Amino acid sequence: MKSRVSIVDYSNSHRPAIRRILEHIGWAEQYITASEHNADVFSQNSDIYGVYIAIHNDIAIAFIYVQFHIWNQLAQIQGLAVDPTYQRQGIASALVDKAEAFARLKKARGIYVDTPVLNAKGRSFYEAAGYQFAYIMPRYYEDTLDGVTYQKFF
Ligand SMILES: CC(C)(COP(=O)(O)OP(=O)(O)OC[C@H]1O[C@@H](n2cnc3c(N)ncnc32)[C@H](O)[C@@H]1OP(=O)(O)O)[C@@H](O)C(=O)NCCC(=O)NCCS
């Protein structure tokens, strides 16, 4: 599958795909709206942000956002999602490779990501991708939903 997927820079024509992918996954509306907003904002500043889309047969099926923080020279994955139809086919791995390449280009010391503690798929994915558990942030997503941070230093 990976060989038939191309990864391109985000453009406005991909915007509807952000919602479609996240609705297929079943995310709550507040997270979908925020992801659309982030795509709008992040894609305007390619010095600091990388916004990448995976395309299969002309359809956008996954995305990743990465931000480079100048102050501490760390990159942060700000969003990653793969349409459920296309999961477990190496697409998130390819997107994270792209995000890490962006981070290295910026000479980042490493890269980190937050995800809900209950996101078993996401946690397994980051662990498989070589990310180390860093810490739990209480009440990060909601009062009843903690966040967990993973990191990889280059
Ligand atoms: C997490 C997510 C991005 C993974 O995408 P993906 O394209 O399926 O991931 P990959 O195919 O590249 O997986 C690479 C490896 O990660 C691990 N992995 C991925 N999904 C997994 C799952 N559901 N259960 C256990 N391990 C998993 C496996 O080791 C996998 O290798 P394998 O398939 O050879 O066993 C996807 O499930 C998703 O979009 N989830 C909803 C949104 C989300 O949680 N985003 C990330 C945190 S914000």
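Just so you know, these numbers come straight off a predicted model, no measurement behind them.

A. Broad picture of the sheet that holds strand β2 (residues 49-56). Strands sit in the order β1-β2-β3-β4-β5-β7-β6 across an open sheet of seven strands; the sheet is mixed. Bordering the open sheet on either side are β1 (5-9) and β6 (132-142), each of which pairs with just one other strand. Adjacent strand axes in the sheet meet at a mean angle of 25°, parallel and antiparallel pairs treated alike. Both β2 and strand β3 (residues 59-69) contribute to a ladder of eight bridges, which runs antiparallel. Within β3, the residue paired with Val51 across the bridge is Tyr65. Most of the contacts of helix α2 (residues 29-42) go to β3, to which it runs at about 70°, and overall it touches β2, β3, β4 (74-82) and β6. Relative to strand β7 (residues 145-153), helix α4 (residues 120-128) is tilted by about 15°, and along the sheet it contacts β4, β5 (110-116), β6 and β7.

B. Here's a closer look at unusual backbone geometry. Phi is positive for Asn57, close to 50°, though the residue is something other than glycine. Unusually for a residue other than glycine, Lys107 sits at a positive phi of about 65°. As for its placement among the helices and strands, Lys107 is situated in the loop between α3 (91-105) and β5. On the basis of relative accessible area, Lys107 is assigned to the exposed category, the value being 68%.

C. Structural view of the packing of aromatic side chains. Scanning the entire structure with this criterion turns up nine aromatic pairs. In this structure an aromatic cluster arises from ring pairing among Phe125, Tyr126, Tyr131, Phe133 and Tyr150. One cation-aromatic arrangement involves Arg104 over Phe154; the distance from NZ or CZ to the ring centre is 4.0 Å.

Reading the values: the criteria
Residues numbered from 1 in each chain as written. Predicted model: local features only at pLDDT ≥ 70, side-chain atom pairs only at ≥ 80, totals over all residues. Heavy atoms only, no water. Pairing = 2+ DSSP bridges. Helix = DSSP H or I, 4+ residues; strand = E, 2+ residues; numbered from the N terminus. Axes fitted to C-alpha atoms, helices over the stretch in contact; angles between N-to-C directions. Contact = heavy atoms within 4.5 Å. Buried < 20%, exposed > 50% of the residue type's maximum accessible area, 1.4 Å probe, protein only. Phe/Tyr/Trp six-rings, centres within 6.5 Å; stacked < 30°, edge-to-face > 60°. Lys NZ or Arg CZ within 6 Å of the ring centre and 35° of its normal.

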